[in-house]
Amino acid sequence: MESRRDFIKKSTLSAIGLTIGGLGMSAKSYSKILGANDRVRVGIVGFSNRFKHSLLPAFNSHAKALDFEFVALSDIWDRRRKEGAAYIREKTGGDVALCRNNDELYDRADIDAVIISTADFQHAFHLTEAAKAGKDAYCEKPFAETMDDANRALDAVKASDIIVQIGSQRRSGGNYHAANDYIRSGRFGDIVMVEMCWNVNQPGRWRLPALTSSIRESDTDWKRFLINRPFEAWDPRKYLEYRLFWPYSSGIPGQWMSHQIDTVHWFSGLAYPRGVTANGGIYLWKDGRTNADTLTAVFDYGPLDRKEDGFQVVYSSRFSNSAGDTKELYYSNGGMLDLDKNRVTPTGGLQNDAAKAMGLKANLLEEYKLPDVQAASGANTGGDFLTDAHMRNWMDCVRSRQTPNAPVEAGYNHAVACIMANAAYRTGTRATFDPKARQVMAGQNVFKY
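Below: a short report on this structure. Just so we're clear, the structure is a prediction, and the values are computed from it rather than from any experiment.

1. A short note on helix H15 (residues 408-427)
Since one α-helical turn is 3.6 residues long, residues separated by three or four positions face the same way.
For step 1, the next point in the chain: For H15, with 20 residues, the first-to-last C-alpha span of 28 Å sits near the 28 Å given by 1.5 Å per residue.
For step 2, the next point in the chain: Most of H15 is tucked away: 17 of the 20 residues are buried.
For step 3, the next point in the chain: Gly428 sits one or two residues past H15 and shows a positive phi near 75°.

2. Things to note about the packing of aromatic side chains
For step 1, the next point in the chain: Applying the stated criterion across every chain yields a total of 29 aromatic pairs.
For step 2, the next point in the chain: With centroids separated by 6.1 Å and ring planes inclined at 80°, the aromatic side chains of Phe59 and Phe68 adopt a geometry described as edge-to-face.
For step 3, the next point in the chain: For Phe59, a relative accessible area of 1% corresponds to the buried category.
For step 4, the next point in the chain: What makes Phe68 buried here is its relative accessible area of 4%.
For step 5, the next point in the chain: Aromatic pair Phe59 and Phe70: ring centres 4.0 Å apart, planes at 25°, arrangement stacked.

3. Concerning the pattern of salt bridges
For step 1, the next point in the chain: Per the counting criterion, the structure on display carries 34 salt bridges.
For step 2, the next point in the chain: Here Arg41 makes a salt bridge to Asp112, at a shortest N to O gap of 3.0 Å. Placement of the pair is Arg41 in strand E1 (residues 40-45) and Asp112 in the loop between helix H5 (102-106) and strand E4 (113-116), with a sequence separation of 71 residues.
For step 3, the next point in the chain: The class for Arg41 is partly exposed, based on a relative accessible area of 26%.
For step 4, the next point in the chain: In this structure, Lys448 engages Asp148 in a salt bridge whose closest nitrogen and oxygen atoms are separated by 2.7 Å. Of this pair, Lys448 sits in the segment after strand E17 (445-446) while Asp148 sits in helix H7 (residues 147-159), and the two are 300 residues apart along the sequence.
For step 5, the next point in the chain: A relative accessible area of 26% places Asp148 in the partly exposed class.
For step 6, the next point in the chain: One salt-bridge network, in which partners are shared between bridges, spans Arg207, Arg237, Glu241, Asp287 and Arg289.

Calculation rules
Residues numbered from 1 in each chain as written. Predicted model: local features only at pLDDT ≥ 70, side-chain atom pairs only at ≥ 80, totals over all residues. Heavy atoms only, no water. Helix = DSSP H or I, 4+ residues; strand = E, 2+ residues; numbered from the N terminus. Expected span 1.5 Å × (residues − 1). Buried < 20%, exposed > 50% of the residue type's maximum accessible area, 1.4 Å probe, protein only. Phe/Tyr/Trp six-rings, centres within 6.5 Å; stacked < 30°, edge-to-face > 60°. Salt bridge = Lys/Arg side-chain N within 4 Å of Asp/Glu carboxyl O.

Everything listed here is a matter of coordinates, which is why it stays silent on function.
Below, the structure is given as structure tokens:
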């Protein structure tokens, strides 16, 4: 007997005939559009703090209206599985099946989509698994920490027909959409410079001493955690405080730069920088970490075939003093777009008298107010409006099969830029991207670990 879901799919396809191409999707993708009464069953890949405090409440706020539910949770640490089951029961009123790993998760017949929030270096690997299993995915950033992982994930998603939302939640913010529209309209003029910073003063940022002292190797699956990284002996700090250690995380680039550099690609239409130089170090928090506590990267953006055109991006971040907080400032010859204050102003623009003296026409910007929707601050790992809107966009797209706000290409591009910055910092050489080899080059060498 034909199921209600199959009947709805066939009826819908029959009704639209040959108009699928006009919707910008394949017949295969359109056939996955769900009926209003078809529940979307979601698996959780990694019960992380990010999932617990932000992704789960964002999902929960829309699950009833859109008929989504959690049905299973995969985590290689037994403690996280138990905590996750109890927390989901408390927040949703439902129970989830517990899986020791993703093999067990994808062996289930009741999974339509997954939310991936595992360790930084695992995101692309786990997205590749989801794509091969044919499951739609919300995948946290950074997309990848190495180009090999990024390339495999991009290829796997492209070979599938899944809906992917990368967790770059700025792409679902009204203020960021307004900024993109304003710049793309031409009213801003050419971007000549971008300044970005993300500063905190947090000795314990990404430290988990209580957990690292209590976890044992037998509590988890260390070899599965390492996935494709070089094998080394069990280290609870690298398991739990992975953001402090390369090659499990690049630290500042993957965690913070990935958000802000993504807006550069979005607003400019450029996929990746022409080159990156960087320096920094572990200047204050000498606790055994291998990732910088202070980093500055300088990016050169512009068309590859016109070196005379383009603009510079300066990104800086530190753990040792929070002055400056989080800033995203775009400059043109006529003024500034400030995504902290959500305003366009003529600040720094060419004045009339100076322009006339040079025989030029002044191009001062007029005051313009962007919507007051801001990203979470650098110290906030909890829920925020942008994550809520971003999750809703993904859930809507799982049903409609339309492209979400942060598709896989956006994740791939921010990964290229962040890997370039990490390569430049770690090698002390200028980093570039080879689009044919799809590899980041540090000088003449492919950057790996």
